[in-house]
Amino acid sequence: MASIEDVYDVIVVGSGGGLVGAYAAASRGLRTLVIEKTDRVGGTTAYSGSGLWYPGSAPMRRAGLDDSIEDARTYLRDTVDDESREPLQEAYLRAGVRLIDELEQNPWFQSFEHLPVPDYYPAVAGSSPTGHTIFPPKVSVAELGEHARLVRACLPTQRWGHDEGPVLSGGRALIGRTLAAFLETGHGSLRLDTALESLVVEDGRVVGVEAVSDGERVTFRATGGVILAAGGFERNRELREKYQPVPERGSEWTHGAPGNTGDALQAGIAVGAATDLLDAAWFTPGLVWPDGLPLFHTGTRGGIWVNAAGERFVNETRPYDQAGREIVRLHATSGVSHIPAHWIVDQRQLDRDSFGGPYDEPVRPEWFESGALKKADTLEELAQLIDVPLDALRKTVEEYNGYAHTGVDEQFHRGETPWDQMAQYVLGFPALPQLNHPAPPPTNDWPNPILPPLDTPPYYVATIVPADIGTKGGLKIDEHARVLRPDGGPIEGLYAAGNTAAAMTGRVYPGAGAPIGSSVAFSYLAVLDIADAEN
Ligand SMILES: Cc1cc2nc3c(=O)[nH]c(=O)nc-3n(C[C@H](O)[C@H](O)[C@H](O)COP(=O)(O)OP(=O)(O)OC[C@H]3O[C@@H](n4cnc5c(N)ncnc54)[C@H](O)[C@@H]3O)c2cc1C
């Protein structure tokens, strides 16, 4: 039996993007509980660059951009191309603008800043070359005080003990700031190491959650509503095998936070929720590091990717979700293996750009010792190393070098879009401090600087696999973030946001900041709905 302390107005399950919704609830005086399965706050959101795709929001106007929600609506509608998602898109666009206005009233959120990240589909009407992505300001550990240690570390720290330094940037800044603001309201409670197991339903309405907290079963009740913002199911091998197109090692190759095993999705299904898009994910190419696992890679500046036939198959600099999905699609449909794909560079590229690879650091010995990077003196040796037909590889390299000399990639048009030319903004690793200090654009004497020739042996080859930054299928929601049944009616008292919900973007990724934008916006919309009902 729950005690009186265990009754709240709002329960938010998961402390990633949903934490912003929790702040919005608590700042309205609603008694709000956040339960978080792990011992840290932030989920995948903390790993991220924390871009929010919010067209027409105040930071866009402050940047002097004539940013129109109308154009963004057209763009979103046309890229997603699915009428059934348009009401969600409309709600998202309006919520983003309103939410940023509201957040910026609080000193913890002053002030978001627009940085140019081009929309990912430049040919679609309404697309913007400067994009609509805004970022939270960095925050120092000193400013955050004791809250700082609760924020999930960024991926490099978790994987390699990378020094985080005294400043939180990207997603860690958003989470740190939100946590401080949430707790300062005086109406917010946080329970770490507390995992949702199931939902409590009475008379057809969700009235609480059953959870395991520090090994004990507990019940928390919510009079207003339960918001499921517990990420996707990217870390759940069984669910991936059931639904996803990269079942083999997808749950290891994902960048999703460790707690994201689809618990909220399953809890929602158990109370009768409808689902959608369960085969979809926010894909990204992953460059395999010496520890054998991939890391989000985008912004390839040199070299080529080839499949098992020794052929190029994509514009290597294409926006990450499109490149990642193309690997998955071709692997499944072309009859040629694309997993893994091989990224080939030459000595000049290695000297110039550290093979355009992570962090722009010099290549360390462990890359070779582990076999993550292999060296070949000739194309013959290279073809043998990666087991591709030599004739085909030679032809691919010759063709590519022809394009490099004219500056026009006739096959895949690399370097022709604003994204291709500006991908250095997210080159390497978005959660690192260089986000706000992007590397300068590549400069060299070639007609197209992103298309340098591949003609200076020895050659080097690294491995690219499809990774993701979360699954994006989940519980079906309406424009108030209410979870829907298969008949289209809402399950009273139950809401979902972020990667727990089926994405308003369908299978596409329109621009930087759509995933967290969705998590934040739909948890906010849920709070507005709950607050309306309470008044
Ligand atoms: C390197 C990198 C950079 C990225 N950059 C961006 C970017 O700039 N902009 C952008 O929009 N997206 C970006 N993404 C993608 C984005 O971070 C995620 O898709 C998004 O953060 C998911 O948000 P969420 O709120 O759905 O889930 P999460 O942020 O993952 O939060 C879910 C939380 O729920 C918790 N949880 C899970 N199960 C339970 C349970 N049973 N009970 C209680 N808690 C539970 C988890 O432990 C986790 O803390 C990036 C991702 C990566 C890896």
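Note that this is a predicted model, so its numbers are computed, not measured.

## A short note on the packing of aromatic side chains
The description of two aromatic rings rests on the distance between their centres and on the angle between their planes. This model, assessed by the stated rule, comprises 18 aromatic pairs. Residues F296 and Y320 carry aromatic rings whose centres are separated by 4.9 Å and whose planes lie at 55 degrees to one another, so their mutual orientation is tilted. Residue F296 is found in strand β14 (residues 294–296), and its partner Y320 is found in helix α12 (residues 320–333); the two are separated by 24 residues along the sequence. Y320 sits in the buried class, given a relative accessible area of 5%. Of the aromatic side chains, those joined through ring pairs into one cluster are Y120, W282, F296, Y320, W419 and Y509.

## What about the confidence of the model for the protein?
For the protein, per-residue confidence averages 92 on the pLDDT scale, and 93% of positions sit at 70 or higher. Contacts from residues 427–438, a stretch scored under 50 in pLDDT, to residues over four places away or in other chains number 39 contacts.

## Comments concerning the sheet that holds strand β4 (residues 113–114)
The strand order across the open sheet built from three strands is β3-β5-β4, with neighbouring strands paired in antiparallel fashion. One side of each edge strand has no neighbouring strand; the edge strands of this open sheet are β3 (52–53) and β4. When β4 meets strand β5 (residues 133–135), the two strands line up antiparallel, connected through two bridges. Its bridge partner being in β5, E113 is matched across the sheet by F135.

## Here we look at the pattern of salt bridges
A complete count under the given rule lists 27 salt bridges for this structure. One salt bridge in this structure joins R28 and E102, with 2.6 Å as the shortest N-O distance. You can see R28 sitting in the loop between α1 (18–26) and β2 (32–35) and its partner E102 sitting in helix α5 (residues 86–103), a full 74 residues away along the chain. Residue class for E102 comes out buried when judged on its relative accessible area of 18%. Taking the shortest distance from any N to any O, the salt bridge between R237 and E241 comes out at 3.1 Å. Note that R237 and E241 are positioned in helix α9 (residues 237–243) at a spacing of four residues, about one turn of the helix. Members of the salt-bridge network, linked through shared partners, are R312, E316, D409 and R414.

Thresholds applied
- What you see as residue numbers is a count from 1 along each chain, following the sequence as written.
- pLDDT decides what is reported in this predicted model: residues at 70 or higher carry local features, side-chain atom pairs at 80 or more are listed and counted, and totals for whole chains, interfaces and linings draw on all residues regardless.
- As a rule here, side-chain values cover all heavy atoms of the structure and leave hydrogens and water aside.
- Pairing of aromatic rings covers Phe, Tyr and Trp, the last through its six-membered ring, and needs centres within 6.5 Å; plane angles under 30 degrees mean stacked, over 60 mean edge-to-face, and all others mean tilted.
- The helix count covers DSSP runs of H or I at least four residues long, the strand count covers runs of E at least two residues long, and both are numbered beginning at the N terminus.
- Only protein chains enter the accessibility calculation, which uses a 1.4 Å probe; a residue is then buried when its area is under 20% of its type maximum, exposed when over 50%, and partly exposed in between.
- A score between 0 and 100, pLDDT records how confident the predictor is in each residue.
- Residue contacts follow a heavy-atom distance rule, with two residues in contact if any of their heavy atoms lie within 4.5 Å.
- Pairing between strands requires that DSSP locate at least two bridges from one strand to the other.
- Salt bridges are counted wherever a side-chain nitrogen of Lys or Arg sits within 4 Å of a carboxyl oxygen of Asp or Glu.

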